[in-house]
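For reference, the chains in residue letters:
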Amino acid sequence: MIARLTCGSLHGVDAYRVDLEVDFSRRGIPAFVMVGLADGAVREARERVQSALRASGFRLPPARITVNLAPADRRKAGSAYDLPLAVGLLAACGILAPEKIEGWVLAGELSLTGEIRPVPGVLPLALLARAEGAKGMLVAPEVGEEAAVAEGLEVFTPRTLGEAVAFLAGETVLNPCVCAPPRLEMTAYPRDFSEVKGQEHAKRAIEIAAAGAHNLLFIGPPGSGKTMLAQRIPTVLPPLSFEDALEVTKIYSVAGLLGNRGLMTERPFRSPHHTVSDVALIGGGALPRPGEVCLAHRGVLFLDELPEFRRSALEVLRQPLEDGMVSISRVARALTYPADCMLVAAMNPCPCGYRGDARHVCTCSPAALERYRAKLSGPLLDRIDLHVEVPAVPHEELQTPASKRPGTDSASMRERVARARAVQTRRYAGTPCRANADLCGAMLDEHCALDAECRQFLGLAAERLALSARAYTRILRIARTIADIEGCPSIELPHLAEAVNCRVLDRERL
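Source: prediction; values computed, not measured.

A. Structural view of the overall build of the protein chain. Along its length, the protein chain carries 22 helices and 18 strands. With respect to the principal axes defined by its C-alpha atoms, the protein chain has extents near 85 × 50 × 45 Å. Pairs at least 24 apart in sequence give 74% of the contacts found in the protein chain among residues at least 6 apart. A total accessible area of about 22500 Å² is found for the protein chain, and carbon and sulfur atoms account for 52% of it. Counting 60 positive and 60 negative side-chain charges, the protein chain places the centres of these two groups 3 Å from one another.

This is the structure we're talking about:
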């Protein structure tokens with residue numbers, strides 16, 4: 001007898017259909033054969049499944065068992081096939097009626113005692129099941145809420161293989177898992193920009209970066225507050241839309257980092273250590289997984305002590321920063337992960353950290369400074385829109401109580417950022433652009449048009465600062481964002497001047 005049921009496999013952050021077929025024949029020498037490009041974890045399912053079946057009270061007669069995973073030309077990986085394989089075996093040998101499993105999608109790993117364990121990527125599998133018009137889906141209880149994010153699909157969470165079989169046979173009743181309606185509202189963060197003493201210029205740069213989704217680099221001595229500023233950037237970003245939240249949740253689901261959560265409603269903030277490997281930062285590996293830049297999708301990727309990162313790791317960021325996605329090519333397949341994040345980096349002005357600090361003497365030689373700056377390539381710095389100096393805060397300002405210290409807080413910054421983002425949403429409706437940072441080509445010419453005075457100023461700045469074409473267009477995008485914050489329909493000279501002032505590393509070429 002042949003039993004068929006539906007499951008799925010992951011390709012990037014999406015899933016594709018896999019048909020699992022089980023042929024149970026009492027003719028011939030008893031054997032167990034699995035075909036369909038199954039990797040080691042899938043082939044090992046045989047031992048787990050047989051032990052789980054025995055522990056659950058099921059006894060399979062000796063037979064020649066052939067398992068096929070179609071399509072046979074695409075590699076299958078992971079332990080999500082344990083549960084569908086066990087159910088398929090029971091249906092093929094007649095213990096469970098084959099018609100009982102039709103239309104169901106199953107995903108789960110089995111323990112030797114028959115317990116159903118969670119597997120990564122359940123949300124993409126649930127979205128696939130919904131698209132296929134499945135009756136419902138069976139997964140582990142720990143990931144039930146995650147699968148239930150796919151509205152319109154009934155999700156059931158049996159704890160054991162025996163409970164799953166009884167449910168499919170109609171011998172027991174399970175309540176469908178219900179995901180709480182997502183609340184895509186502004187999250188109450190424990191941090192606030194009002195806690196940052198001084199650094200109003202840096203806060204202004206953060207506001208510009210957040211309003212236009214620009215990349216940002218802080219340059220300042222140790223203890224000037226660079227990390228403190230970066231950690232508070234999510235407090236001024238607008239809430240995620242449902243589509244964006246679904247994208248982020250799929251990435252974390254595939255990476256196995258979602259935990260016992262449903263839809264992710266907070267923008268990610270990732271801060272990898274400077275010893276991170278190229279693969280951990282960008283993604284990939286023998287079994288490709290999303291890297292830090294992908295996990296920061298629609299959020300913030302913070303790289304502290306930027307020059308301390310390996311040069312090779314930083315250079316692989318060029319394409320994601322430009323295209324908003326990561327392409328991982330292998331001989332057998334090519335994957336694409338979304339990676340549209342806001343890069344925020346921090347660095348010292350020199351190896352000792354005190355160049356330009358009036359309170360300390362810099363001990364770095366010109367050669368040491370040159371070697372330090374050479375760790376960051378020109379093409380990488382060109383892809384960072386704003387370079388901002390963060391000087392040390394005077395002791396007098398540090399000693400001033402918060403109640404007596406005027407300063408910008410997250411609420412006021414968030415209001416201006418939201419207003420600017422709303423302008424951009426209306427302006428770019430129906431286009432591939434989401435924010436000013438995405439402007440290019442004809443759209444850049446249309447929305448960043450300059451009058452004669454502005455063209456003359458920007459041309460002189462480009463000549464004196466030896467700006468590359470990429471740096472030139474980034475100044476235009478920053479100026480467009482500043483104009484949006486100020487509520488101006490067109491770019492004016494003060495907006496351009498502030499945009500040029502936000503490119504510290506370009507000004508140092510003078």
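B. How the structure looks around the state of the cysteines. Summed over the entire model, instances satisfying the criterion amount to zero disulfides. Cysteine cysteine 341 shares no disulfide, and the gap to the nearest cysteine sulfur, in cysteine 294, comes to 8.5 Å. Overall, cysteine 341 belongs to the buried group, its relative accessible area being 11%. In this structure cysteine 488 is not part of a disulfide, and its nearest cysteine sulfur, from cysteine 454, lies 11 Å away.

C. Molecular detail of helix α4 (residues 122-131). Burial of α4 is extensive: eight of the 10 residues sit out of reach of the surface. Within the span of α4, buried status applies to Val122, Leu123, Pro124, Leu125, Ala126, Leu127, Leu128 and Ala129. Positive phi shows up at glycine 133, right after α4, with a value of about 70°.

D. Molecular detail of the pattern of salt bridges. Taken as a whole and judged by the stated rule, the model has 30 salt bridges. Ionic pairing is found between arginine 48 and aspartate 82, a salt bridge with its closest N-O pair at 2.6 Å. Of the two residues, arginine 48 sits in helix α2 (residues 45-55) while aspartate 82 sits in helix α3 (residues 82-92), which places them 34 residues apart along the sequence. Across the pair, exposure class does not vary: arginine 48 and aspartate 82 are buried alike. The closest approach of N and O atoms between glutamate 498 and arginine 204, which form a salt bridge, is 2.8 Å. Residue glutamate 498 is located in helix α21 (residues 493-501), and its partner arginine 204 is located in helix α7 (residues 200-212); the two are separated by 294 residues in the primary sequence. Judged by relative accessible area, which is 24%, glutamate 498 ranks as partly exposed. Through salt bridges with shared partners, a single network forms among Arg204, Glu207, Arg416, Glu486 and Glu498.

E. View of the environment of isoleucine 206. Relative to the elements of secondary structure, isoleucine 206 occurs in helix α7. What makes isoleucine 206 buried here is its relative accessible area of 0%. In this structure, the C-alpha to C-alpha distance between isoleucine 206 and phenylalanine 218, residues 12 residues apart in sequence, is 9.9 Å. With near-sequence residues (within four places) excluded, isoleucine 206 lies in contact with Phe193, Leu216, Phe218, Leu229, Ile233, Val236 and Met413.

F. Structural detail: the sheet that holds strand β17 (residues 342-347). Taken together, the five strands give an open sheet; going across it, the order is β11-β14-β17-β10-β18, and neighbouring strands pair in parallel fashion. Unpaired on one side and paired on the other, β11 (269-270) and β18 (386-389) mark the two borders of the sheet. Bridge analysis of β11 against strand β14 (residues 300-303) gives two bridges, and the strand direction is parallel. Across the sheet, phenylalanine 269 pairs through a bridge with valine 300, a residue of β14.

G. Summary view of helix α9 (residues 242-255). Helix length check: α9 (14 residues) gives 20 Å between terminal C-alpha atoms against 20 Å at 1.5 Å per residue, within 8%. The buried count for α9 comes to 11 of 14 residues, which makes it a mostly enclosed element. Among the residues of α9, those classed as buried are Asp244, Ala245, Leu246, Val248, Thr249, Lys250, Ile251, Tyr252, Ser253, Val254 and Ala255. Looking at the residues trailing α9, positive phi occurs at glycine 256, about 75°.

H. Structural view of the nonpolar core. Core analysis: the largest hydrophobic core is formed by 71 residues, its most contacted members being Leu83, Leu85, Val87, Met137, Leu138, Leu161 and Leu168. The greatest single-element share of this core, amounting to eight residues, is contributed by α3. With near-sequence residues (within four places) excluded, methionine 137 lies in contact with Trp104, Val105, Ala107, Val122, Leu125, Ala126, Leu153, Glu154, Val155 and Phe156. In terms of nonpolar packing, the next biggest core, distinct from the first, is built from 52 residues, Val236, Met413, Ala499 and Cys502 among them.

I. Spatial organisation of unusual backbone geometry. The residue after alanine 70, namely proline 71, is reached through a cis peptide bond having omega 5°. Within the secondary structure layout, proline 71 lies in the loop between β4 (64-70) and α3. With phi around 55°, leucine 37 is a residue other than glycine that occupies positive phi space. Position of leucine 37 among the secondary structure elements: in the loop between β3 (31-35) and α1 (40-43). Leucine 37 gets classed as partly exposed once you look at its relative accessible area, which sits at 36%. Although it is not a glycine, arginine 298 sits at a positive phi angle of roughly 65°. By secondary structure assignment, the location of arginine 298 is in the loop between α11 (292-295) and β14. Taking relative accessible area as the criterion, arginine 298 reaches 11% and is therefore assigned buried.

J. Region of interest: the packing of aromatic side chains. Following the criterion strictly, the structure yields four aromatic pairs and no others. Judged by centre distance (4.6 Å) and plane angle (40°), the rings of phenylalanine 156 and phenylalanine 167 are tilted. Within this pair, whereas phenylalanine 156 is found in strand β9 (residues 155-156), its partner phenylalanine 167 is found in helix α6 (residues 161-168), the two being separated by 11 residues in sequence. For phenylalanine 167, a relative accessible area of 13% translates into the label buried.

Criteria and cut-off values
Residues numbered from 1 in each chain as written. Predicted model: local features only at pLDDT ≥ 70, side-chain atom pairs only at ≥ 80, totals over all residues. Heavy atoms only, no water. Helix = DSSP H or I, 4+ residues; strand = E, 2+ residues; numbered from the N terminus. Contact = heavy atoms within 4.5 Å. Areas by Shrake-Rupley, 256 points an atom, 1.4 Å probe, with all protein chains shown as cover. Lys, Arg positive; Asp, Glu negative; His and termini not counted. Charge placed at Lys NZ, Arg CZ, Asp CG, Glu CD. Disulfide = S-S within 2.5 Å. Buried < 20%, exposed > 50% of the residue type's maximum accessible area, 1.4 Å probe, protein only. Salt bridge = Lys/Arg side-chain N within 4 Å of Asp/Glu carboxyl O. Pairing = 2+ DSSP bridges. Expected span 1.5 Å × (residues − 1). Core = buried A, V, L, I, M, F, W, Y, C linked by side-chain atoms within 4.5 Å. Phe/Tyr/Trp six-rings, centres within 6.5 Å; stacked < 30°, edge-to-face > 60°.

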